[in-house]
Amino acid sequence: KNRSEASFSSLAQQRATVSHTNHILAGGLKSTKISLNAKVQQEELNQRHTKALSPKDSKMHQVLRIDQTLSPRDPKAPGQFGRPVAVPQGKEKEAERRWKEGNFNVYLSDLIPVDRAIEDTRPIGCAKQLVHNNLPTTSVIMCFVDEVWSTLLRSVHSVLNRSPPHLIKEILLVDDCSSKDYLKDNLDKYMSQFPKVRILRLKERHGLIRARLAGARIATGDVLTFLDSHVECNIGWLEPLLERVYLSRKKVACPVIEVINDKDMSYMTVDNFQRGVFVWPLNFAWRTIPPDVIAKNNIKETDVIRCPVMAGGLFSIDKNYFYELGTYDPGLDVWGGENMELSFKVWMCGGEIEIIPCSRVGHIFRGDNPYSFPKDRMKTVERNLVRVAEVWLDEYKELFYGHEENLIDQGLDVGNLTQQRELRKKLNCKSFKWYLENVFPDLKAPIVRAGGVLINMALGKCLSIENTTAILEDCDGSSKLQQFNYTWLRLIKHGEQCLAPVPEQGALRLLPCDNRNKGLKWVHKSASAFRSELVDHIVSGNYHELLCLEGIFSQKTLKVAACDPKKPYQKWKFENNFEV
Ligand code: LR7
Ligand code: MN
């Protein structure tokens, strides 16, 4: 793809101004259609109108192209232009040995220039977009713990080389108590050639959340731009982010996160139209906007994408707004969950989260964290998520807990939540229900993950109700008696009644639903296929043998029996699977 920029006549420039304004209006409206209701759309439109009509708007320029891609310092160097690199013959052992220093190909990272060129992966049209002349300045904050030397340097160089200097107030490197010697004197010495780079050393390990907060406290720019310490900012990455924050200080702008391949260090682009979402129990995921939605709303590659959740590591936020929101919950430890917290907080308390397709930053995705956790990794993330759920999810927190037994009931100490709950009240934030309905309405399965008729795969018969007992019948999708929902709380619901095993008799019955009654919970092995439905049933306080729902051949009935993956009569499938 040739993405070289066309030269611009002043007439063309004028036209571009108009079309850009239109683009802002149209783009904003279009993307709101996907995720917001009419009222919010209207607010958005009004806001854009006021901005677009303000006199400031006549003072715009084309996104500055500040980089040396066309004439890199060393065009023949390995990895130049983001190309893949192979480990030289005879060096395989060394490369393998060094992998664990960063859980990616550290050997190759050291081989390629710290200021290599990468391909301009922006969609066509981005280079011609206009941004305001008087954009706010930013402090770039990069926290790191034991980051690989060449990777950290490449991250810093990419910011310095591809950002308009007048917009970078400073680059704050926050050393979260690294143990590596090269990150001490050597780093100070290296960075001393760049007056804008400041290094903040934390005396003890803060974890990335509190390390970011330590950086934010000393930042002097108008906007905070957080980045991971193993990134490469692409051409024109910064101005489109700051432009969004300038248009509305409550916009939190994220770049498209592209991929620096962990094995060959190539810079790879990603699919367009990706949104950040969560799936229960609060896991981050990317989801592509469905093609029919794109077509119907005529969404363009360059249009801003509103996201229910941000990935977490890379975003720009107005500094004062960040503080108004009460920053992150400082009670979050080390790693994880803070992206959920900030996303819910931003949306529920009046802000927006957007991905800006014209801003692109590569990130090394690694299989595992290359640093140690002060406490167990799983437990740390779990505890952080419980804090988020307890403060922000309202009645929906049951859905989060539905996957595990209630962690707080189990005595997990998540610390004090009073301040966070008071903050939410003080900010007058909306409910999680509002968030689901308005920001993430396409989460089809906030409560129900599968439903319709429940078919026994071997018998081709469906679960039905006769009086109050469960039976098997010929499938009939229109029969109310055959309608069941499988919820995230693991209940198989028929109206307000729930399917329950009677283990002593190997039979089944319907009982009033109760989220807390473990005897009503059904687990299935494979989340998507609805294969064997295992009953994780507790008898007199002890975990009993696993019991499975089983159809009985030649009889109009069913039972619970010891699970056996080989038994076809134990395989069930719901008509509809709503999981995103
Ligand atoms: O204790 C720590 N102290 C730190 O300073 C742990 C980490 N860190 C630093 C670390 O050196 C790195 O620069 O914090 C940064 C993020 O840590 P990573 O790179 O180990 O995180 P990640 O990329 O695996 O995870 C994503 O989710 C995290 C959840 O807490 C953070 O929000 C990361 O910033 C985030 N990364 C991204 O969003 C990039 C895209 C990944 C995706 C999807
Ligand atoms: Mn990372």
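Residues numbered from 1 in each chain as written. Chains lettered and ligands numbered in written order. Predicted model: local features only at pLDDT ≥ 70, side-chain atom pairs only at ≥ 80, totals over all residues. Heavy atoms only, no water.

Participant: Got a minute to help me understand the overall build of the protein in this structure?
Facilitator: From N to C terminus, the protein includes 15 helices and 28 strands. Residues classed as buried in the protein amount to 55% of the 580 residues present. At a minimum sequence separation of 6, the contacts of the protein that also span at least 24 residues come to 74%. Put simply, the protein shows about 25600 Å² of open surface, and 52% of that area lies on carbon and sulfur atoms. (Helix = DSSP H or I, 4+ residues; strand = E, 2+ residues; numbered from the N terminus. Buried < 20%, exposed > 50% of the residue type's maximum accessible area, 1.4 Å probe, protein only. Contact = heavy atoms within 4.5 Å. Areas by Shrake-Rupley, 256 points an atom, 1.4 Å probe, with all protein chains shown as cover.)

Participant: Help me understand the coordination of the manganese ion (ligand 2) in this model?
Facilitator: Octahedral six-donor coordination of a metal ideally yields angles of 90 or 180 degrees, compared with 109.5 degrees for tetrahedral four-donor coordination. Surrounding the manganese ion (ligand 2) are the protein donor atoms Asp 228 (OD), His 230 (NE2) and His 363 (NE2), which sit 2.1 to 2.2 Å from the metal. Residue class for His 230 comes out buried when judged on its relative accessible area of 5%. (Donors = N, O, S within 2.8 Å, 3.2 Å for Na, K, Ca; no water.)

Participant: Which parts of the structure should I look at to understand the site of ligand 1?
Facilitator: Around ligand 1 there are 27 residues in total, and Asp 176, Ser 229, Gly 336, Glu 338 and Tyr 371 lie nearest to it. At 3.3 Å from an oxygen atom of ligand 1 is found a main-chain nitrogen or oxygen belonging to Val 145. Starting from 810 Å² of accessible surface for ligand 1 in isolation, the protein chains cover 91%. Of the residues in the shell around ligand 1, the class split is 13 nonpolar, 8 polar and 6 charged. (Near = heavy atom within 4 Å. Polar contact = N/O pair within 3.5 Å; in protein donor to acceptor, adjacent residues only side chain to side chain. Nonpolar A, V, L, I, M, F, W, Y, C, P; charged D, E, K, R; others polar.)

Participant: Hey, could you run me through the pattern of salt bridges in this one?
Facilitator: Opposite charge on two side chains permits pairing when their charged atoms draw close. Per the counting criterion, the structure on display carries 36 salt bridges. Among the salt bridges present, the one from Arg 98 reaches Asp 110, with a minimum N-O distance of 2.9 Å. Taken together, the positions of Arg 98 in helix α3 (residues 92–98) and Asp 110 in helix α4 (residues 106–111) put the pair 12 residues apart, joining distant regions of the chain. Residue Asp 110 is classed as partly exposed on the basis of its relative accessible area, which comes to 37%. A salt bridge links Glu 466 to Lys 556; the nearest nitrogen and oxygen atoms lie 3.4 Å apart. With Glu 466 in strand β16 (residues 461–466) and Lys 556 in the loop between β26 (547–551) and β27 (558–562), the pair connects residues that are 90 residues apart, well separated along the chain. Classification of Glu 466 by relative accessible area gives partly exposed; the value is 37%. One network of salt bridges, with partners in common, ties together Arg 244, Lys 251, Arg 306, Glu 352 and Glu 354. (Salt bridge = Lys/Arg side-chain N within 4 Å of Asp/Glu carboxyl O.)

Participant: Sorry, what's going on with the packing of aromatic side chains here?
Facilitator: Think of a pair of aromatic rings as described by two things: how far the centres are apart, and how the planes are tilted against each other in angle. Applying the stated criterion to the full structure yields 20 aromatic pairs. Through a chain of ring-to-ring contacts, three or more aromatic side chains come together here, namely Phe 278, Trp 280, Phe 344, Tyr 396, Phe 432, Tyr 435 and Phe 440. One cation-aromatic arrangement involves Arg 377 over Trp 335; the distance from NZ or CZ to the ring centre is 4.8 Å. Over the ring of Trp 434 we find Lys 430; its NZ or CZ atom is 4.6 Å from the centre of that ring. (Phe/Tyr/Trp six-rings, centres within 6.5 Å; stacked < 30°, edge-to-face > 60°. Lys NZ or Arg CZ within 6 Å of the ring centre and 35° of its normal.)

Participant: What is the right way to read the nonpolar core from this model?
Facilitator: Nonpolar side chains in soluble globular proteins generally cluster together in the buried interior. Residues Phe 278, Trp 280, Phe 344, Phe 432 and Tyr 435 are the most contacted members of the largest nonpolar core, which totals 71 residues. A per-element tally of this core places helix α12 (residues 377–392) first, with 7 residues. Counting 36 residues, the second-largest nonpolar core is a separate cluster that includes Val 63, Trp 237, Leu 241 and Leu 247. (Core = buried A, V, L, I, M, F, W, Y, C linked by side-chain atoms within 4.5 Å.)

Participant: Got a minute to help me understand the confidence of the model for the protein in this structure?
Facilitator: Detailed reading of predicted coordinates is not advised where the pLDDT is low. Taken as a whole, the protein shows an average pLDDT of 85; of its residues, 84% reach a score of 70 or greater. Every residue in residues 1–53 is under pLDDT 50, and counting partners more than four places away or in other chains gives 82 contacts. The ipTM assigned to the predicted complex is 0.99, against a pTM of 0.82. (pLDDT = per-residue confidence, 0-100.)

Participant: Can you walk me through helix α11 (residues 338–348) in this structure?
Facilitator: It helps to recall that an α-helix has 3.6 residues per turn; residues three or four apart then point in one direction. Burial within α11 is extensive, with 11 of its 11 residues counted as buried. Along α11, the residues that are buried comprise Glu 338, Asn 339, Met 340, Glu 341, Leu 342, Ser 343, Phe 344, Lys 345, Val 346, Trp 347 and Met 348. Note on α11: the residue one or two positions beyond its end, Gly 350, has a positive phi of about 100 degrees.

Participant: It is not clear to me how the side chain of Asp 120 should be interpreted in this structure. Could you clarify?
Facilitator: Looking at where Asp 120 falls in the secondary structure, it is placed in the loop between α4 and β2 (130–132). A polar atom in the side chain of Asp 120 sits 2.9 Å from the side chain of Arg 122.

Participant: Is there a simple way to explain the packing of α12 against helix α14 (residues 418–426) in this structure?
Facilitator: When two helices pack together, their arrangement is given by the angle between the helix axes and the distance between those axes. Running from N to C, α12 and α14 cross one another at 40 degrees; their axes reach a closest spacing of 9 Å. Between α12 and α14, the angle falls in the class oblique. In the packing of α12 onto α14, the handedness of the crossing is right-handed. Mapping the contact onto sequence places Arg 387, Glu 390, Val 391 and Trp 392 in α12 and Gln 420, Arg 421 and Arg 424 in α14. (Axes fitted to C-alpha atoms, helices over the stretch in contact; angles between N-to-C directions. Parallel < 35°, antiparallel > 145°, perpendicular 65-115°, else oblique. Left-handed = near helix turned anticlockwise from the far one by under 90°.)

Participant: In this structure, what is going on with the environment of Val 106? I would like to understand it.
Facilitator: One can find Val 106 in helix α4. Taking the C-alpha atoms as reference points, Val 106 and Asp 564, separated by 458 residues in sequence, lie 46 Å from one another. For Val 106, the contacting residues outside a window of four places in its chain are Arg 98, Trp 99, Glu 101 and Val 148.

Participant: In this structure, what is going on with helix α7 (residues 207–218)? I would like to understand it.
Facilitator: Compared with an ideal rise of 1.5 Å per residue, which puts 12 residues at 16 Å, α7 spans 17 Å between its outermost C-alpha atoms and is within 8% of the ideal. Across the 12 residues of α7, 9 count as buried, placing the element largely inside the fold. Within α7 the residues assigned to the buried category are Gly 207, Leu 208, Ile 209, Ala 211, Arg 212, Leu 213, Ala 214, Gly 215 and Ala 216. (Expected span 1.5 Å × (residues − 1).)

Participant: Would you take a moment to explain the environment of Val 197 for this structure?
Facilitator: Along the polypeptide, Val 197 turns up in strand β5 (residues 197–201). Sequence separation between Val 197 and Ile 364 is 167 residues; the distance between their C-alpha atoms is 22 Å. When residues no more than four places from it in sequence are discounted, the contact partners of Val 197 are Val 156, Leu 160, Ile 171, Leu 173 and Met 191.

Participant: What am I meant to see in the state of the cysteines here?
Facilitator: Linking two cysteines covalently via their sulfur atoms produces the bond known as a disulfide. Applying the stated criterion to the full structure yields 4 disulfides. A sulfur-sulfur distance of 2.1 Å marks the disulfide that ties Cys 349 to Cys 429. Handedness here is read from the sign of the S-S torsion; for Cys 349 and Cys 429, about 100 degrees, the answer is right-handed. Taken together, the residues span a long stretch of sequence, with Cys 349 in the loop between α11 and β14 (352–364) and Cys 429 in the loop between α14 and α15 (432–438) at a distance of 80 residues. Given the relative accessible area of 12%, Cys 349 is considered buried. (Disulfide = S-S within 2.5 Å.)

Participant: Explanation requested: the side chain of Asp 176 in the structure shown.
Facilitator: In this structure, Asp 176 sits in the loop between β4 (168–175) and α6 (185–191). Polar contacts involving the side chain of Asp 176 include one to the main-chain amide nitrogen of His 206, which spans 2.6 Å. With sequence-adjacent residues up to four places away left out, Asp 176 is seen in contact with Phe 144, Val 145, Leu 202, Glu 204, Arg 205, His 206, Gly 207, Leu 208 and Ala 211.

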